[in-house]
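Architecture and fold: a report
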Amino acid sequence: MTTAPRKTAAPKFAAKALEAAPEVAEDKTNEFEFKGQTYSTPGDPMALDYFALQDAESEADIIEILVGEEGWAQFRATRPTVGEFQEFSELANKSIGWGEEGN
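Notes on the structure follow. (Residues numbered from 1 in each chain as written. Predicted model: local features only at pLDDT ≥ 70, side-chain atom pairs only at ≥ 80, totals over all residues. Heavy atoms only, no water.)

**Brief notes about the overall build of the protein**
The condition is simple: The way it works is that DSSP assigns letters per residue, a run of H or I at least four long becomes a helix, a run of E at least two long becomes a strand, and they are numbered from the N terminus. Only protein chains enter the calculation, and the probe is 1.4 Å; a residue is then buried if its accessible area is under 20% of its type maximum, exposed if over 50%, and partly exposed in between. The contact criterion used throughout is that any non-hydrogen atoms of two residues lie within 4.5 Å. Each accessible area is a Shrake-Rupley result for a 1.4 Å probe, and residues are judged covered by the shown protein chains and nothing else.
From N to C terminus, the protein includes 5 helices and 2 strands. Shown N-terminal to C-terminal, the secondary structure of the protein runs as helices and strands in the order α-α-β-β-α-α-α. Within the protein, buried positions represent 33% of all 103 residues. Pairs at least 24 residues apart make up 68% of the contacts formed inside the protein by residues separated by at least 6 positions. Accessible surface for the protein amounts to roughly 6,800 Å². Of this, 50% is attributable to carbon and sulfur atoms.

This is the structure:
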């Protein structure tokens, strides 16, 4: 049985996704709380680099883009369970307005 090679480090998509609109990343953000810590997401997700999102290989890569490298490192340090990742992902998506009715 052959298994796929494991990624050794998470890709750094966040900086690439935000470089198209750095003023959005710096000036306007949304925040959400998870397990007593505050995380920020872009204020305008429509300003994210489309190709950075397209190059994401997993939902985790997309969430890394949304919360940025620092937020992602903060979340990873909690050693989350699958259920906690799912909850975190839902909060990040809601923070930017994705997953709401009509979006």
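**Considerations on the packing of aromatic side chains**
Keep this limit in mind: Centre distance within 6.5 Å is the pairing criterion for rings of Phe, Tyr and Trp, where only the six-membered ring of Trp is used; planes under 30 degrees apart are then read as stacked, over 60 as edge-to-face, and the remainder as tilted.
Evaluated as defined, the whole model comprises 10 aromatic pairs. Measuring from ring centre to ring centre gives 5.5 Å for Phe32 and Tyr39, while their planes differ by 20°; the resulting arrangement is stacked. On the basis of an interplanar angle of 85° and a centroid distance of 6.4 Å, the ring pair of Trp72 and Phe85 is categorised as edge-to-face. Taken together, the residues Trp72 in helix H4 (residues 59-76) and Phe85 in helix H5 (residues 82-96) connect sequence positions 13 residues apart. Clustering of aromatic rings is evident, with ring pairs tying together Phe32, Phe34, Tyr39, Trp72, Phe75, Phe85 and Phe88.

**Topic: the environment of Glu70**
Within the secondary structure layout, Glu70 lies in helix H4. Between the C-alpha atom of Glu70 and that of Tyr39, which follows or precedes it by 31 residues, the distance is 9.2 Å.

**Some details on H5**
Keep this limit in mind: In this analysis, the expected span of each helix is defined as 1.5 Å times one less than the number of residues it contains. Here the arc refers to the set of directions running from the helix axis out to each C-beta atom.
With 15 residues, H5 extends 22 Å between its outermost C-alpha atoms, agreeing within 8% with the 21 Å of an ideal straight helix rising 1.5 Å per residue. Turning to H5, its buried residues number three or more, namely Phe85, Phe88, Ser89, Ala92, Asn93, Ser95 and Ile96. Seen end-on, H5 carries its buried residues on one side only, within an arc spanning 155°. Next to the buried residues of H5 lie strand S1 (29-34), strand S2 (37-42) and H4. Just downstream of H5, Gly97 is the residue with a positive phi angle, here 95°.

**Thoughts on the nonpolar core**
Using the following cut-off: Put simply, buried Ala, Val, Leu, Ile, Met, Phe, Trp, Tyr and Cys residues joined by side-chain atoms within 4.5 Å make one nonpolar core.
In this structure, Phe32, Ile63, Phe75 and Phe88 are the most contacted members of the largest nonpolar core, which totals 14 residues. If you list the elements that add at least two residues to this core, you get S1, H4 and H5. When residues in this core are grouped by element, the largest group, 6 residues, is from H4. If sequence neighbours within four positions are ignored, Phe75 has contacts with Phe34, Tyr39, Pro80, Glu84, Phe85 and Phe88.

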